[in-house]
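Here is what each chain is made of, one letter per residue.
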Amino acid sequence: MKEVFTGSFTQQEPIPEEGIAAAVKAMRHGRLHRYNLVEGEVGEVAELEQEFAAFTGAKYCLAVASGGYALGCAMRAVGVAPGDKVLTNAFTLAPVPGAIVGLGAVPVFVEVTQDLTIDLDDLERQIAATGARTLLLSHMRGHICDMDRLMVLCDRAGVTVIEDCAHTMGAAWNGVPSGRHGRVGCYSTQTYKHMNSGEGGLLISDDPEVMARAIFLSGSYMLYDRHRAAPPAEVFERVKFDTPNISGRMDNLRAAILRPQLRALRGQCEKWNRLYRAVEAGLENTPGLTLFRRPAAERFVGSSFQFLLKGWVTAKLQEVLRRCAARGVELKWFGAQEPVAFTSRYDHWRYAATPALPQTDAVLAGLIDMRLPLTFSTADCELIARIIRAEVSALWQAEEGSGAATG
Ligand SMILES: *Cc1c(COP(=O)(O)O)cnc(C)c1O
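Nothing here was measured: the structure is a model prediction, and the numbers come from that model. (Residues numbered from 1 in each chain as written. Predicted model: local features only at pLDDT ≥ 70, side-chain atom pairs only at ≥ 80, totals over all residues. Heavy atoms only, no water.)

Participant: So what exactly am I meant to see when it comes to the pattern of salt bridges here?
Facilitator: Here the idea is simple: oppositely charged side chains can pair when their charged atoms come close. This model, assessed by the stated rule, comprises 27 salt bridges. We note a salt bridge from lysine 2 to glutamate 391, for which the minimum N-O separation is 3.8 Å. Taken as a pair, lysine 2 in the segment before helix H1 (17-29) and glutamate 391 in helix H12 (residues 378-402) lie far apart in primary sequence, 389 residues in all. Each of the salt bridges in this network shares a partner with another, and the network as a whole consists of Lys2, Glu319, Arg322, Arg323, Arg327 and Glu391. (Salt bridge = Lys/Arg side-chain N within 4 Å of Asp/Glu carboxyl O. Helix = DSSP H or I, 4+ residues; strand = E, 2+ residues; numbered from the N terminus.)

Participant: How do you make sense of the UniProt feature "modified residue: N6-(pyridoxal phosphate)lysine" (unreviewed entry) in the protein when you look at a structure like this?
Facilitator: The positions that UniProt labels "modified residue: N6-(pyridoxal phosphate)lysine" (unreviewed entry) are, in the present scheme, Lys193. With respect to the secondary-structure elements, lysine 193 resides in the loop between strand E8 (184-188) and strand E9 (201-205). Lysine 193 has contacts with Gln12, Ala166, His167, Ser188 and Trp272, leaving out every residue within four places of it along the chain. (UniProt positions renumbered as here; feature names shortened; annotations may be inferred. Contact = heavy atoms within 4.5 Å.)

Participant: Whenever I open this one, the nonpolar core confuses me. Can you help?
Facilitator: Soluble globular proteins: nonpolar side chains tend toward being buried together. In terms of nonpolar packing, the biggest core is built from 80 residues, with Phe52, Leu123, Leu135, Leu150, Phe307 and Ile388 touching the most fellow members. Top contributing element to this core by residue count: helix H9 (residues 252-283), with 11 residues. Each of domain 1 (17-263) and domain 2 (265-400) contributes no fewer than three residues to this core. Every residue in contact with leucine 123, bar those within four places of it in the chain, is listed here: Leu87, Val110, Ile118, Leu135, Leu150, Leu153 and Cys154. Formed by 34 residues, the second largest nonpolar core is a distinct cluster that contains Leu71, Met75, Ala214 and Ile215. (Core = buried A, V, L, I, M, F, W, Y, C linked by side-chain atoms within 4.5 Å. Buried < 20%, exposed > 50% of the residue type's maximum accessible area, 1.4 Å probe, protein only. Domains from an automatic or database assignment.)

Participant: I tried to follow empty space enclosed by the protein on my own but got confused; where do I start?
Facilitator: Over the atoms a probe the size of a water molecule is rolled, and this reveals where empty space is left. Per the stated rule, a full pass over the model turns up 3 cavities of 30 Å³ or more. Estimates place the volume of the largest cavity at around 290 Å³. Contributing to the lining of the largest cavity are 21 residues, with Arg141, His167, Tyr192, Lys193 and Arg371 lying nearest its centre. By residue number, the principal contributor to the lining of the largest cavity is strand E14 (residues 367-371), which donates 3 residues. Looking at the lining of the largest cavity residue by residue, the classes come out as 9 nonpolar, 7 polar and 5 charged. Counting contributing residues per domain, the lining of the largest cavity is built from domain 1 (17-263) and domain 2 (265-400), each supplying no fewer than three. Estimates place the volume of the second largest cavity at around 50 Å³. (1 Å grid on protein atoms, 1.4 Å probe; cavity = no way out; pocket = protein on both sides within 12 Å on 5 of 7 lines; lining within 4 Å. Points joined across faces, edges and corners; volume = space filled by probe spheres on them. Nonpolar A, V, L, I, M, F, W, Y, C, P; charged D, E, K, R; others polar.)

Participant: Even after reading the chapter, I still don't get the site of the ligand, so can you show me in this structure?
Facilitator: Surrounding the ligand, one finds 14 residues, the nearest of these being Gly67, Gly68, His167, Ser188 and Lys193. Within the side chain of aspartate 164, a nitrogen or oxygen atom sits 2.8 Å from a nitrogen atom of the ligand. One nitrogen or oxygen atom from the side chain of glutamine 190 is found 2.8 Å from an oxygen atom belonging to the ligand. The protein chains hide 92% of the 380 Å² of surface that the ligand would expose on its own. Secondary-structure elements contributing two or more residues to the shell around the ligand are helix H3 (67-78) and helix H4 (95-102). (Near = heavy atom within 4 Å. Polar contact = N/O pair within 3.5 Å; in protein donor to acceptor, adjacent residues only side chain to side chain. Areas by Shrake-Rupley, 256 points an atom, 1.4 Å probe, with all protein chains shown as cover.)

Participant: What exactly am I supposed to notice about the side chain of threonine 113 here?
Facilitator: Checked against the element boundaries, threonine 113 lands in the loop between strand E3 (106-110) and helix H5 (120-130). The exposure class of threonine 113 is buried, given its relative accessible area of 17%. Not counting chain neighbours up to four residues away, the residues in contact with threonine 113 comprise Ile118, Asp119, Gln359 and Val363.

Participant: I keep staring at the layout of surface pockets and nothing clicks. Help me out?
Facilitator: The computed volume of the largest pocket comes to approximately 330 Å³. Lining the largest pocket are 22 residues, and of these Leu331, Lys332, Trp333, Val340 and Thr343 sit closest to its centre. For the lining of the largest pocket, the secondary structure elements donating two or more residues are helix H10 (314-326), strand E13 (332-333) and E14. Considered class by class, the residues forming the lining of the largest pocket number 11 nonpolar, 6 polar and 5 charged.

Participant: I keep staring at the packing of helix H2 (residues 44-56) against H9 and nothing clicks. Help me out?
Facilitator: Any two packed helices are characterised by how steeply their axes cross, that is the angle between the axes, and by the distance between the axes. At their nearest, the axes of H2 and H9 sit 8 Å apart, and the two run at 25° to each other. As the angle between them shows, H2 and H9 are arranged roughly parallel. Of the two possible hands of crossing, H2 and H9 adopt the one that is left-handed. Touching Glu44, Val45, Glu47, Leu48, Glu51, Phe52 and Phe55 of H2 are Asn252, Ala255, Ala256, Leu258, Arg259, Leu262, Arg263, Leu265 and Arg266, all from H9. Within the contact of H2 with H9, the residues separate by chemical class into 9 nonpolar, 1 polar and 6 charged. (Axes fitted to C-alpha atoms, helices over the stretch in contact; angles between N-to-C directions. Parallel < 35°, antiparallel > 145°, perpendicular 65-115°, else oblique. Left-handed = near helix turned anticlockwise from the far one by under 90°.)

Participant: How do you make sense of helix H6 (residues 147-157) when you look at a structure like this?
Facilitator: Note on helix geometry: an α-helix contains 3.6 residues per turn, so any two residues three or four positions apart are oriented the same way. Within H6, the full set of buried residues consists of Met147, Leu150, Met151, Leu153 and Cys154. Taken end-on, H6 shows its buried residues confined to a sector of 165°, consistent with a single buried face. Facing away from the buried surface of H6 by more than 90 degrees, the exposed residues are Val152, Asp155 and Arg156. Close packing links the buried residues of H6 with H5, strand E4 (134-138), strand E5 (160-164) and strand E6 (172-173). Sitting at the head of H6, aspartate 146 places a side-chain oxygen 3.1 Å from the backbone nitrogen of aspartate 148. (Arc of directions from axis to C-beta.)

Listed below in structure tokens is the structure:
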């Protein structure tokens, strides 16, 4: 009898009881709009902003309607204008080029390395070739590049860095929290990320003017004095006539749900890493399968797992996916011709014309990805690894036997 996994790759944990109680309380008093406060009340959103600023060590924080909104808001706040070129990694999720195009700006994709991070040599070439002055850096699937080298390179070239930390909330590079290297760090609290409010986003910065603009942009009207993790009033005075209101606020209900999750986040990240290490241990030395080695400077959050099937012919690789799926293991593949569900690739985004990126193509052709929700146990992860290992090994031997393997 072949083992089968019966868990769900899309089932998150329930909202903590404390969050449910806080949400019910907000619904009972009915003041869901963040600026709808009674005398002496700070409000759940402003409290969340203070707590998230403290969590990351940032001076300022703004909560917004989604991660994608945070990206657009950050780019506007640093001054990206229609027609401007914005650099980003070719390996990312569709909301990233979407946010760039949403501003009327033009995405410039940078190659990705064998480690799934932005290729810093190609970044340097593209900065020189395009004259782009903004980098929207996506820490896609939680893989963090050498941030020290990246910041030296970008500072030298006068490139403003905005970090997309949708997969690195709680992560760090060389002890510096992810989102604290660039001018702005953006996070998502959408259901599949590290905190779950259904939809939601956060952005952090130490730059007072950037944050004052972001707050106006998010739809603060002239109520910015109701923010806590915000710059002083005179900074708002400087930008208030030049900053449009592009509503994308967070509400008290979502913030109420998020605050207890933030208190638990450290422990959650540790749980994710135990699951990640269980899958990794189970897949060590699987013939035909290459694991990603995580750099010592990277404190990652293993909320998803990636591996490479390098040199496989497409039909065999697809057979691995089919057989794993038949045994309950849902794998996603970044090499598919067509975009599927959440998974798409830079050359599927035809609104952003891009020359071929051969290095990225070679990596994505064999890139397999899966979610590790916290409803999984380590035993679940061991079982998942056994299933993948068995199917990959069986087909790799067949592959070698047929003489079709190339690497
Ligand atoms: C989810 C995600 C976003 C966008 O977040 P939403 O809250 O869904 O808008 C941006 N970048 C990456 C890499 C993501 O995974």
